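Fold and contact review
Residues per chain are reported as follows:
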Amino acid sequence: IKDTISSDELMLPGAVTHLYLLKINNFSTSRTQTSSHQRETAYMHNVSKQQNRPIVFFDGGCPLCSKEIAFYQKRSGAKNLEWIDISSQPERLIHYGISYKSAMQRFHVLDHAGRWQTGAWGFVELWSHFDGYRWLSRLLRTTRTIPLADRLYSAFAGRRYRQRCNSSICKT
């Protein structure tokens, strides 16, 4: 694993068995085993030293997605998260080493430790920051039902992606 990465290097998503995170500046380099939900190679590209709050990437152009995110943004604790609408700010994705297509295919949350949480894992991470949903996050984690929830999410997300992105609305 490299200790540094040049500004023009960027790993593209792909099916891999390990997720290599490069944490820039005050972050250390670590290698972590991934679950099937994390099928991306990601180098944390130019991550700010101040990356201490989770970042939620969402499709604000999807009516259902934007309605759900707006609901979460009104909740107590929402200010502790950063919210990035990938439909209006797709250029911000490259800063985090994620492709637009990948971001459109699955819900992504970059947790406070710099680890990607996608799909159902992303929602579990999101819920862990809200009082009214923290119990649900704990329940799914302790009962180890996130893989099942992720399969259900993947079926929904695949259909949503095909409907939204097979038209000219979504250019990947």
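Here the structure is a predicted model, which means the values were calculated and not measured.

For the rest of this paragraph, the subject is the sheet that holds strand β6 (residues 116-118). Think of a sheet as strands paired side by side through backbone hydrogen bonds, with each pair either parallel or antiparallel. Strand order in the open sheet formed by 4 strands is β4-β3-β5-β6, with mixed pairing between adjacent strands. Single-partner strands in this sheet number two, and they are β4 (82-85) and β6. The mean inter-strand angle of the sheet, taken between neighbouring strand axes irrespective of direction, is 20°. Of the strand pairs in this sheet, strand β3 (residues 55-58) and β4 are connected by 4 bridges, and their pairing is parallel. Each residue of the ladder has a partner; that of Ile55, found in β4, is Glu82.

What follows is about the pairing of β4. Of the two faces of β4, the one holding Glu82 and Ile84 and the one holding Trp83 and Asp85 are both buried throughout. Running through helix α1 (residues 63-73), the crossover from β3 to the neighbouring parallel element β4 is right-handed.

All right, on to the packing of aromatic side chains then. Enumeration according to the criterion identifies 10 aromatic pairs in this entry. Ring geometry for Phe57 and Tyr96: centres 5.3 Å apart, planes at 75°, overall edge-to-face. Linking Phe57 in strand β3 with Tyr96 in the loop between α2 (92-95) and α3 (100-105), this pair joins segments that are 39 residues apart in sequence. We classify Tyr96 as buried; its relative accessible area is 7%. Taking 6.4 Å as the distance between ring centres and 55° as the angle between the ring planes, the aromatic pair formed by Tyr153 and Phe156 counts as tilted.

Let's shift gears to the confidence of the model for the protein chain. Chain-level pLDDT for the protein chain is 74 on average; 67% of the residues reach the 70-or-more range. A low-confidence stretch, residues 1-50 (pLDDT under 50), is modelled with 97 contacts involving residues beyond four sequence positions or located in other chains.

Remark: helix α4 (residues 120-127) packs on helix α6 (residues 146-165), axes separated minimally by 8 Å, with the N-to-C direction vectors making an angle of 115°. Taking contact as the criterion, the partners of Ala120, Trp121, Phe123 and Val124 in α4 are, on α6, Ile146, Pro147, Ala149, Asp150 and Tyr153.

As a further point, take the pattern of salt bridges. Within the structure shown, the criterion is met by 7 salt bridges. In this structure, Asp59 and Arg164 form a salt bridge, with 2.5 Å as the shortest nitrogen-oxygen distance. Placement of Asp59 in the loop between β3 and α1 and of Arg164 in helix α6 is noted, with a sequence separation of 105 residues between them. Here the salt bridges share partners, and the residues they tie into one network are Asp59, Arg160 and Arg164.

The rules behind these values
- Residues numbered from 1 in each chain as written.
- Predicted model: local features only at pLDDT ≥ 70, side-chain atom pairs only at ≥ 80, totals over all residues.
- Heavy atoms only, no water.
- Pairing = 2+ DSSP bridges.
- Helix = DSSP H or I, 4+ residues; strand = E, 2+ residues; numbered from the N terminus.
- Axes fitted to C-alpha atoms, helices over the stretch in contact; angles between N-to-C directions.
- Buried < 20%, exposed > 50% of the residue type's maximum accessible area, 1.4 Å probe, protein only.
- Right-handed = clockwise from strand over helix to strand, strands pointing away.
- Phe/Tyr/Trp six-rings, centres within 6.5 Å; stacked < 30°, edge-to-face > 60°.
- pLDDT = per-residue confidence, 0-100.
- Contact = heavy atoms within 4.5 Å.
- Salt bridge = Lys/Arg side-chain N within 4 Å of Asp/Glu carboxyl O.

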